[in-house]
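Spelled out, the chains give:
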Amino acid sequence: MSSPFHVAVVGSGPSGFYAAEALLRSGVPIAVDMFEQLPVPYGLVRFGVAPDHPKLKLVSITFDKIAALPGFRFVGGVTVGKDVTIEELRSAYDAVVLATGADLSRPLGIPGETLPGCYSAGEFVAWYNGHPDYRDRSFDLSHEVATVIGHGNVALDVARILSKTADELRHTDIAAHALEVLAESRVREVHVVGRGGPAHAKFGAKELRDFLSLTECDAWVDPCDLVGASDSSNDPEQDDKLSLLRGFAEQALSKPRRCVFRFGRTPIEIQGEQRVEAIRFARGADAVEQIACGAVFSSIGRRTAPLAGVPYDAVRGVHANIDGRVMSSDQPVQGLYVCGWSKRGPSGTIGTNRACGMATAEAVLADLTTGGSRAGKHPDALVPQLRARVPRLVSYQDWGAIDAEEKRRGAVDGRPRHKFVSVSEMIAALESAVDA
C-alpha cells in the first residue's frame, strides 16, 4: 500500500469535520490531523448554537463518528499561529485546510459604539455558551430596555436569551456564570432592529417561531412596519416569516416582558454621557427615531481573523481564496485551502458547512492526485516539538473524558452538561480521569 497523504485541518467546527470526513472516505490513502486551540472540539456547535436549541447540538454525534474513522487524529490544545506556524504545517503536511471560522465582529461604524453598555452579539453568545476566552466578559443587564441591532439568527438568539426567564434556561447547558447574571437581569423590553424590510430579514421562520413559546415575553411588531410587505412571495419560508410577523402585530400583549421587531431603521448614533443611554436611527429619507435603552448588542456580521502566513481578503473578511484554494496575487498557494465561514463568510446552516467542507475536500483531492509535490517532512516529527510548546496535547480520547465529566456534573442538576469554562478546568478534569 502506498504511503498516505497527510492533511492538517485547522479548526474543529462543522466545516472542518465534514472536510475531514470527505477526505477520509475518498478512497485515497489519507491521514487527517485536526488541530484545535482548545481541549474541546465542535467549534460553533459548542460555543455558537444557543443553549435552548439542543437538537442542533446532536450533530456532534456525527462528528464523533468522523473522529472514529481510521486515519483521524485530534490534536487539541494547540493554537495555530502561536504554538505552531502555518509555515511549519505546510512543511509537514501535503495539504493544510483552514476551518478557522469568523471570530471577529464587524463594527457599527457610528459615534458612541465604544460607550460602556455597547456589546458585540458574538461575544455575548460566546460568554453565555462558556467559551474560555469570553468567560470573564461583563454584561450590564441592570437596565429595563436593550436593543439588538441586526436581523440574522444570531440577533434573534441574543434577543431570545435576554427575553427568557432563568427557569426557562436552567435545564439547558448554558454556562453557570451566565445563568447567574441572567437570573438577576432587569431587562424587560428588547428591540430587534434592522435596516431592511421584513422581506430582507435573514433570520429563519423557525427562529422567529421560537418567540411564540416564551413564558413571560410577548413578541410584537408595529403594523406600520409591515405595510407593503407582500402576502405571497412564491417563497414558502418568506411567507411563513411574514405570517408570523403579522400574528405578532395582531396579538394582545399580556406578558410582563416584550420583544419588539423593528424594520427599516438604520443606526446612526449611540448616545450617553458615561454609558449607553439611547440609540438613534434614521428611518426613510428624513425621519429620525430614538430608543432609550441601557444596552446595545450589535449583530451585523462577522469576519475571519487574519492568520500570519495566509493571504487575507479584507473586503470579504475571509482568507483570500477562490473555491477553497487560498490565493496570493491571483495564484493558488500550493497546499493551502480553506472551508466554512473562513472561506465564504458567516452565512448558512450546519448543512451549508457540510457542502462547503466537502467542496474544499474535492479541491484538495484533485490537487493531491494529479501529481502535486509531496512534503519532505513527516508530520509525526512535528508532534514531539508541539509537546514541548504547550501544556498538554489533547487527544479525542482525552476529550471523551472531559465530555463524560461535564455530563456527570450536569446530571446532578438535571442539565445535559455543566460546561468547564476554562482550559485549566478542562485539563484538571482530564488529569483526574486519567488518575482514577
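Keep in mind that this is a model prediction, so the values were computed, not measured.

A.B. asks: Give me the environment of Ser233: which residues, what numbers.
C.D. replies: Locating Ser233 in the fold gives a position in the loop between β9 (217–221) and α11 (236–250). Judged by its relative accessible area of 31%, Ser233 falls in the partly exposed class. Separated by 179 residues in sequence, Ser233 and Pro54 have C-alpha atoms that sit 31 Å apart. Setting aside residues no more than four positions away along its own chain, Ser233 makes contact with Gln238 and Asp239.

A.B. asks: Tell me about the pattern of salt bridges, and please be specific about residues and values.
C.D. replies: All chains considered together, the criterion is met by 26 salt bridges. Of the charged contacts in the structure, one is a salt bridge between Glu123 and Arg137, with a shortest N-O distance of 3.1 Å. Taken together, the residues span a long stretch of sequence, with Glu123 in helix α6 (residues 121–128) and Arg137 in the loop between α6 and β7 (145–149) at a distance of 14 residues. For Arg137, a relative accessible area of 33% corresponds to the partly exposed category. Close ionic contact of Arg170 with Asp167 constitutes a salt bridge, the shortest N to O distance being 3.1 Å. Given a relative accessible area of 35%, Arg170 falls into the partly exposed group. Since its relative accessible area comes to 58%, Asp167 is described here as exposed. Here the salt bridges do not stand alone but share partners, grouping Arg46, Asp403, Glu406, Lys407 and Arg417 into one network.

A.B. asks: Summarise the packing of helix α1 (residues 14–24) against helix α13 (residues 350–368); cite the residues concerned and give the values.
C.D. replies: Two measures define how a pair of helices packs: the angle their axes make with one another and the distance between the axes. The N-to-C vectors of α1 and α13 enclose an angle of 45°; their axes lie 7 Å apart at closest approach. With respect to α13, the axis of α1 lies oblique. Considering only the axes of α1 and α13, their crossing is right-handed. Residues Pro14, Ser15, Tyr18, Ala19, Ala22 and Leu23 of α1 touch α13, and the partners they reach there are Ile350, Asn353, Arg354, Gly357, Met358, Ala361, Val364 and Leu365. Looking at the contact of α1 with α13 residue by residue, the classes come out as ten nonpolar, three polar and one charged.

A.B. asks: I'd love a proper account of the sheet that holds strand β1 (residues 5–10), names of residues and values included.
C.D. replies: Strand pairing in a sheet takes place through backbone hydrogen bonds and is either antiparallel or parallel in direction. Strand order in the open sheet formed by seven strands is β3-β2-β1-β4-β20-β19-β18, with mixed pairing between adjacent strands. The sheet is open, and its two edges are formed by β3 (72–76) and β18 (321–322), each paired on a single side. The pairing of β1 with strand β2 (residues 30–36) spans six bridges and is classified as parallel. Opposite Ala8, over in β2, you have Asp33 as the bridge partner.

A.B. asks: How would you explain the pairing of β7 if you had to name every residue and give the values?
C.D. replies: Of all five residues that make up β7, five are buried, and the element is covered over most of its length. Residues Val145, Thr147 and Ile149 point to one face of β7 and Ala146 and Val148 to the other, with burial holding for every one of them. Relative to strand β8 (residues 189–193), β7 runs parallel, the two sharing five bridges. Bridge pairing links Ile149 to Val193 in β8. Here β7 pairs with strand β14 (residues 295–298) via four bridges, running parallel. Across the sheet, residue Ile149 finds its bridge partner in β14, namely Ser298.

A.B. asks: I'd like to hear about α13, residue by residue, with values.
C.D. replies: The terminal C-alpha atoms of α13 lie 27 Å apart, and with 19 residues this matches the ideal 27 Å at 1.5 Å per residue to within 8%. Among the residues of α13, those classed as buried are Asn353, Cys356, Gly357, Thr360, Ala361, Ala363, Val364, Leu365 and Leu368. Capping the start of α13, Thr349 holds a side-chain oxygen 3.2 Å from the backbone nitrogen of Gly351, two or three residues further along.

A.B. asks: For the nonpolar core, give the residues involved together with the corresponding values.
C.D. replies: The biggest cluster of nonpolar side chains holds 50 residues, and the ones touching the most others in it are Phe124, Tyr128, Leu162, Phe211, Phe261 and Phe297. Beyond its immediate stretch of four places on either side in the chain, Phe211 contacts Leu156, Ala159, Arg160, Cys217, Ala219, Phe248, Cys259 and Phe261. Formed by 44 residues, the second largest nonpolar core is a distinct cluster that contains Ala20, Ile30, Cys339 and Ile402.

A.B. asks: Any chance you could break down the sheet that holds β7 for me, citing the residues and the numbers?
C.D. replies: Judged by pairing direction, the sheet is parallel, and its six strands sit side by side in the order β6-β14-β7-β8-β10-β9 without closing on themselves. The strands lining the two open edges of the sheet, one partner per strand, are β6 (118–120) and β9. Across this sheet, the average inter-strand angle for adjacent strands is 20°, counted without regard to direction. Contacting β9 and β10 (257–262), α11 crosses the sheet at an angle of about 105° to β9.

A.B. asks: Residue-level account of the packing of aromatic side chains, with values.
C.D. replies: On inspection of all chains with the given rule, the structure shows 21 aromatic pairs. An angle of 75° between the planes, with centres 5.6 Å apart, marks the rings of Tyr18 and Phe63 as edge-to-face. Residue Tyr18 is located in helix α1, and its partner Phe63 is located in helix α4 (residues 59–67); the two are separated by 45 residues in the primary sequence. Residue class for Tyr18 comes out buried when judged on its relative accessible area of 6%. Under the relative-accessibility criterion, Phe63 is labelled buried at 0%. Judged by centre distance (6.0 Å) and plane angle (45°), the ring pair of Tyr42 and Phe63 falls under tilted. Taken together, the residues Tyr42 in the loop between β2 and α2 (44–47) and Phe63 in helix α4 connect sequence positions 21 residues apart. In this pair, the class of Tyr42 matches that of Phe63, namely buried. In this structure an aromatic cluster arises from ring pairing among Phe17, Tyr18, Tyr42, Phe63, Phe72, Phe74, Tyr396 and Trp399.

Conventions we followed
Residues numbered from 1 in each chain as written. Predicted model: local features only at pLDDT ≥ 70, side-chain atom pairs only at ≥ 80, totals over all residues. Heavy atoms only, no water. Helix = DSSP H or I, 4+ residues; strand = E, 2+ residues; numbered from the N terminus. Buried < 20%, exposed > 50% of the residue type's maximum accessible area, 1.4 Å probe, protein only. Contact = heavy atoms within 4.5 Å. Salt bridge = Lys/Arg side-chain N within 4 Å of Asp/Glu carboxyl O. Axes fitted to C-alpha atoms, helices over the stretch in contact; angles between N-to-C directions. Parallel < 35°, antiparallel > 145°, perpendicular 65-115°, else oblique. Left-handed = near helix turned anticlockwise from the far one by under 90°. Nonpolar A, V, L, I, M, F, W, Y, C, P; charged D, E, K, R; others polar. Pairing = 2+ DSSP bridges. Expected span 1.5 Å × (residues − 1). Polar contact = N/O pair within 3.5 Å; in protein donor to acceptor, adjacent residues only side chain to side chain. Core = buried A, V, L, I, M, F, W, Y, C linked by side-chain atoms within 4.5 Å. Phe/Tyr/Trp six-rings, centres within 6.5 Å; stacked < 30°, edge-to-face > 60°.

That is the geometry; function is a separate question.
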